[in-house]
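Chain residues, written in single-letter form:
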Amino acid sequence: MEEKSVWIQIEVNGIQYKQLINTKDTLLEVLREKIGLKGTKEGCGSGHCGACTVLLDGKPVNSCMLLGVQADNKKIMTIEGMAIEGRLHPIQEAFVEEHAVQCGFCTPGMVMSSKALLDKNAAPSDEEIREALSGNACRCTGYTKIIKAVKRAATKMHSEGEAR
């Protein structure tokens, strides 16, 4: 495949970007290297670990497996877009409160997958949480605290009326 540069227009965390990219650039590379958002992590580079999960038009995707050109004219949310006016999102708060963060490398992807779940299911069961997070690998926590964090976030979001 011939290398070629193209312009794309994407909305990332509510901000419009017109970006010149190489047609071989992944969405992860566009976010980290072109736009400068370093919160999305590259773990495996092959779509197996979920560290690079972002929301594309509200759906969780592995940004290492998607070409940047495929995101043209799409809305993307990264971990940097979760906090509003300097306040952590209830999902982020719950991860801290439940000690669901150890090394932190998988956390951005876990939070984004959790948001996608809680945006469509306000009170998921443990099994639904496990299913929603099945594409996200964590080598540190054993998942128990992560599941508790998602349940706590669901309660927080319901009680605070927040679906940010």
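Residues numbered from 1 in each chain as written. Predicted model: local features only at pLDDT ≥ 70, side-chain atom pairs only at ≥ 80, totals over all residues. Heavy atoms only, no water.

Draft legend 1. Spotlight on the nonpolar core. In terms of nonpolar packing, the biggest core is built from 24 residues, with Ile 91, Phe 95, Met 110, Leu 118, Ile 146 and Val 150 touching the most fellow members. Contributing elements (two or more residues each) for this core: helix H2 (90-97), helix H3 (107-120) and helix H5 (144-160). Element by element, the count of residues in this core is highest for H5, at seven residues. With near-sequence residues (within four places) excluded, Leu 118 lies in contact with Ile 91, Pro 124, Val 150, Ala 153, Ala 154 and Met 157. Membership of the second largest hydrophobic core comes to 15 residues, among which are Val 30, Leu 31, Ile 35 and Ile 76. (Core = buried A, V, L, I, M, F, W, Y, C linked by side-chain atoms within 4.5 Å. Buried < 20%, exposed > 50% of the residue type's maximum accessible area, 1.4 Å probe, protein only. Helix = DSSP H or I, 4+ residues; strand = E, 2+ residues; numbered from the N terminus. Contact = heavy atoms within 4.5 Å.)

Draft legend 2. Examining helix H1 (residues 27-35) more closely. Of all the residues in H1, the buried ones are Leu 27, Leu 28, Val 30, Leu 31 and Ile 35. Residues of H1 that are buried in the fold lie against strand S1 (5-12), strand S2 (15-22), strand S3 (53-56) and strand S5 (75-77). Just beyond H1, the residue with positive phi is Gly 36, at close to 90°.

Draft legend 3. Geometry of empty space enclosed by the protein. Scanning the entire structure with this criterion turns up one cavity of 30 Å³ or more. Computed from the structure, the largest cavity encloses a volume of approximately 30 Å³. Around the largest cavity sit Ala 100, Val 101, Gln 102, Cys 103, Gly 104, Phe 105, Cys 106, Thr 107, Cys 138, Cys 140 and Thr 141, which together line it. (1 Å grid on protein atoms, 1.4 Å probe; cavity = no way out; pocket = protein on both sides within 12 Å on 5 of 7 lines; lining within 4 Å. Points joined across faces, edges and corners; volume = space filled by probe spheres on them.)

Draft legend 4. Region of interest: the packing of H2 against H3. At their nearest, the axes of H2 and H3 sit 10 Å apart, and the two run at 125° to each other. Classified by the angle between their axes, H2 and H3 sit oblique to one another. For H2 against H3, the interelement crossing comes out right-handed. Contacts between H2 and H3 involve Ile 91, Gln 92 and Phe 95 from the former and Thr 107, Met 110, Val 111, Ser 114, Lys 115 and Leu 118 from the latter. Partitioned by chemical class, the residues of the contact of H2 with H3 number five nonpolar, three polar and one charged. (Axes fitted to C-alpha atoms, helices over the stretch in contact; angles between N-to-C directions. Parallel < 35°, antiparallel > 145°, perpendicular 65-115°, else oblique. Left-handed = near helix turned anticlockwise from the far one by under 90°. Nonpolar A, V, L, I, M, F, W, Y, C, P; charged D, E, K, R; others polar.)

Draft legend 5. Local environment of the pairing of S1. Relative to S2, S1 runs antiparallel, the two sharing eight bridges. Each bridged residue has a counterpart across the sheet, and for Val 6 the counterpart in S2 is Ile 21. With antiparallel pairing between neighbouring strands as the criterion, S1 and S2 make up a hairpin whose turn holds two residues, including Asn 13 at a positive phi of roughly 55°. (Pairing = 2+ DSSP bridges.)

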